Amino acid sequence: MKILEVLPTVFPEVKLIKFARFVDNRGYFTETYRFSQLEEVIPDLKIKQVMESHSKQWVLRGLHFQYDPPMGKLVRTVVGEMIDFFLDIRPNSKTFGKIGAFRMPSNWEDDFDIWIWVPFGFAHGNLYLKESTIEYFATATWNPSSEVGINPLSDDIDWSLVNKEILDIFKKNQDKFIISEKDKKGITVAYWKNDKRAKKIFSL
């Protein structure tokens, strides 16, 4: 694996890992993951589960997180294009309730690809701008009894850190969104802040 650079997002804990593809007239080859290298970048990266998800255009998933066992996610777009969202759910954080976003297209002709690392302490979601397939590695196995969802359309999410291009896409296309009934029933940020699980798990 050839890591080109590691970049922070609007939250220093959420990182972008840009790595090389070797492109020629046949296509490309890349090594997407090598633990011995990525563990230097992300010391908490202890992969327990690998998942793949396919979504139609305008599917909105999230915002999900798991508190027991705590789960971080390493995510990339395999085919298509998504916007990746990460919401700070740590009640004592200065950026609690603020959301960040990063647009992640996958173009076969590009000589690089990107992972995004979303650590424990952030709720995670995706909006698919094209029919897409993504891959994500998790630092814990899924435990449905400790999974929590925050409604991505909740009015009390703070969007002030999101750039205008992404914000416009999100705000102007909500009539097209395909959202599961489970995600529609997600809680608000305020509800989570007052939840006893938040105080126990996420106090800083």
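Let me sum up the structure you'll find in this document.

Cut-offs used in this document
Residues numbered from 1 in each chain as written. Predicted model: local features only at pLDDT ≥ 70, side-chain atom pairs only at ≥ 80, totals over all residues. Heavy atoms only, no water. Salt bridge = Lys/Arg side-chain N within 4 Å of Asp/Glu carboxyl O. Core = buried A, V, L, I, M, F, W, Y, C linked by side-chain atoms within 4.5 Å. Buried < 20%, exposed > 50% of the residue type's maximum accessible area, 1.4 Å probe, protein only. Helix = DSSP H or I, 4+ residues; strand = E, 2+ residues; numbered from the N terminus. Contact = heavy atoms within 4.5 Å. Polar contact = N/O pair within 3.5 Å; in protein donor to acceptor, adjacent residues only side chain to side chain.

**Regarding the pattern of salt bridges**
Logical step 1: A full pass over the atoms with the stated rule returns 15 salt bridges.
Logical step 2: For Arg26, the salt bridge is made with Asp24, and the minimal N-O distance between the two is 2.5 Å.
Logical step 3: Taken together, the shared-partner salt bridges connect Arg21, Arg76, Asp113 and Glu135 into one network.

**Describing the nonpolar core**
Logical step 1: In terms of nonpolar packing, the biggest core is built from 29 residues, with Phe85, Leu87, Leu127, Ile150 and Trp192 touching the most fellow members.
Logical step 2: At the level of elements, β6 (60–66), β7 (73–88), β8 (99–106), β10 (122–128), α2 (164–172) and α4 (189–193) are the ones that each hand at least two residues to this core.
Logical step 3: The contact partners of Ile150, leaving out residues within four places of it in the chain, are Gly62, Leu63, Phe65, Leu87, Ile89, Gly186, Ile187, Thr188, Val189 and Trp192.
Logical step 4: Val14, Met104, Ile116 and Ala138 belong to the second largest nonpolar core, which has 19 residues in total.

**Points about the side chain of Asp195**
Logical step 1: Position of Asp195 relative to the elements: it lies in the loop between α4 and α5 (196–202).
Logical step 2: There is a polar contact of 2.8 Å between the side chain of Asp195 and the backbone nitrogen of Arg197.

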